[in-house]
Amino acid sequence: MTCPACGSADLVELADLGTIPVFCGVHWASRAEALASPLGRMVLGYCPSCAYVRNLAFDPTALVYDTTMDTNLHHSPAFQAFSADLVKHLVDRYPLAGATVLDIGCGQGEFLRELCHVAGCRGYGYDAMYAGPTGPDGSGAIFHSGHPLLDDTTPRFDFVTSRHWFEHLDDPYGFLVRLRELAADRPVYGYLEVPDACYDLATAGWEVIYPHVSYFDAYSLCRVVERAGWRVEATGALFAGMFRFIEISVNAAGPPKTTRRPTEADRDRQLAAIGGFAGRHHAERDRWRQTVARLAGEGAQPVLWGAGSRGVQFLHLADPDGLLAAVVDVNARKWGRFLPVTGHEVAPPERVAELGSSAVVITNPAYRTEIAAALETMGVAAELLVA
Ligand SMILES: [Zn+2]
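Definitions and cut-offs
Residues numbered from 1 in each chain as written. Predicted model: local features only at pLDDT ≥ 70, side-chain atom pairs only at ≥ 80, totals over all residues. Core = buried A, V, L, I, M, F, W, Y, C linked by C-beta atoms within 7 Å. Buried ≥ 20, exposed ≤ 12 C-beta atoms within 10 Å, placed from the backbone. Contact = placed C-beta atoms within 7 Å. Pairing = 2+ DSSP bridges. Helix = DSSP H or I, 4+ residues; strand = E, 2+ residues; numbered from the N terminus. Axes fitted to C-alpha atoms, helices over the stretch in contact; angles between N-to-C directions. Parallel < 35°, antiparallel > 145°, perpendicular 65-115°, else oblique. Left-handed = near helix turned anticlockwise from the far one by under 90°.

Q: So what's going on with the nonpolar core? Which residues, and what values?
A: In this structure, C47, Y52, V225, V303, V327 and V360 are the most contacted members of the largest nonpolar core, which totals 110 residues. Among all residues touching V327, those that are not within four sequence positions of it are L304, A307, G311, L315, L339, H344, V346 and A347.

Q: Describe the sheet that holds strand β11 (residues 231-238), listing the residues and the values that go with them.
A: Strand pairing in a sheet relies on backbone hydrogen bonds. The paired strands run either parallel or antiparallel. Spatial ordering of the open sheet is given by β6-β7-β5-β4-β8-β9-β12-β11, a layout of eight strands whose pairing is mixed. The open sheet terminates on both sides in strands that have one partner only, identified here as β6 (135-136) and β11. Bridge count between strand β8 (residues 159-163) and strand β9 (residues 188-195): five bridges; the pairing is parallel. Directly across from S162, in β9, lies its bridge partner L192. On top of the sheet, helix α3 (residues 110-119) reaches β4 (100-104), β5 (122-127), β7 (141-145) and β8; it is set at about 175° to β5, its chief contact. Of the strands in this sheet, β11 and β12 (243-250) touch helix α6 (residues 218-227), which is tilted by about 155° from β11.

Q: Run through helix α8 (residues 309-318), naming residues and quoting values.
A: Across the 10 residues of α8, 10 count as buried, placing the element largely inside the fold. Considered for burial, the residues of α8 that qualify are S309, R310, G311, V312, Q313, F314, L315, H316, L317 and A318. Buried residues in α8 make contact with β1 (12-21), α7 (264-297), β13 (303-305) and β14 (326-328).

Q: How would you explain the pairing of strand β16 (residues 359-362) if you had to name every residue and give the values?
A: Residues A359 and V361 line one face of β16 and the alternating positions V360 and I362 line the opposite face, and both faces are buried. Pairing of β13 with β16 involves two bridges; the strand directions are parallel. Counterpart to V303 in the pairing with β16 is V360. By the bridge criterion, four bridges tie β16 to strand β17 (residues 383-386) in an arrangement that is parallel. Of the residues in β17, the one forming a bridge with I362 is V386.

Q: Quick rundown of the packing of helix α4 (residues 172-183) against α6? Include the residues and the values.
A: Two numbers describe a pair of packed helices, the interaxial angle and the distance between the axes. With their axes 8 Å apart at the nearest point, α4 and α6 run at an angle of 45° to one another. If you check the angle between α4 and α6, you find them oblique. For the pair α4 and α6, the sense of crossing is right-handed. Residues P172, Y173 and L176 of α4 touch α6, and the partners they reach there are V224, V225 and R227.

Q: Report on the environment of H164, specifying residues and quantitative values.
A: Residue placement: H164 occurs in the loop between β8 and α4. When the 17 C-beta atoms within 10 Å are taken as the criterion, H164 is described as partly exposed. Separated by 49 residues in the primary sequence, H164 and L115 have C-alpha atoms spaced 17 Å apart. In contact with H164, not counting residues within four places along its chain, are G105, E193 and V194.

Q: Which residues make up the sheet that holds β13, and what values go with them?
A: Strand order across the open sheet formed by five strands is β15-β14-β13-β16-β17, with parallel pairing between neighbours. Of all the strands in the sheet, the pair left with one neighbour each is β15 (346-347) and β17. Taken together, the three bridges between β13 and β14 define a ladder with parallel strand orientation. For L304, the partnering residue across the bridge sits in β14 and is V327. On the sheet, helix α10 (residues 368-377) packs against β13, β16 and β17 and is oriented at approximately 160° with respect to β17.

Set out below in structure tokens:
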């Protein structure tokens, strides 16, 4: 397969992760349904020219998005605060007052509503996972349950945002090309946000999950944006280095917001991380399997805090035998429900106190402060382990 990001080299296999849960953002009413949920193949390949990474075995027909999926990050106060700051940042930088915004992959619409409210713009939100009322709401946003066709039925837009969706696309280059064509000769700006592959591929890779087809670092993200005909306004890391953003434009007046660009040295660092990924991933899998078994054996009543996609991947790889005493999450929609493939049941955070756990495992370092504070409030003196 030719690299979809730079179009100038063939992808080379780098790691075979075997089979992993396909629906890592879904939770089920019964354990039997959860245990029966499908597995998909994950075989990572990389581009030697731009460091783009992709699941070579991705089957787009295996993964259909609908309203039963819940990949919402807005239940966390840390994410809410981050998202509110982002709205202010975009409003300060771009001519959004009175503008029309497309938000592709809008989730439950929290970000678009706030952007419309603060900027005084009009927004069209699209997401197959959007489960709220469709049509206009009081904020100036209009919601669609489904994805835009990106044809002449798409509203004329001045700004396009897409947060944590671009990496799910089978054809990310084609998506950007289509948006560029729709912008025609109008000045259009955009904001994309993805998980930062610099983090994912330099760590255990708990966020290397089936719905994530592509893994972009700064260099490959700039390559795909520019190859599709957009200008890079700025790029950088966010949220404790776990996310990457890129601001883009076409037909914009004046110079780009910043001339700081990822260099070949950045790309080479990412290629080095990619080179070590397979060994690191398998070693971390084994190490956490042993750690969970040891903590359970010592009577520590170990708990996993966080039943998002990253947590689901951790459970599948590190606790297939269900040795953890519980899995807890702050999202009440998940309580009493069961996670894919392993069938772990999700409990409210209070379960940690009821169990008297002395070890709490988290897979996302960005939530360490928030979870430590919650444990303290509950009077739980547990060791916090970051996987
Ligand atoms: Zn490439």
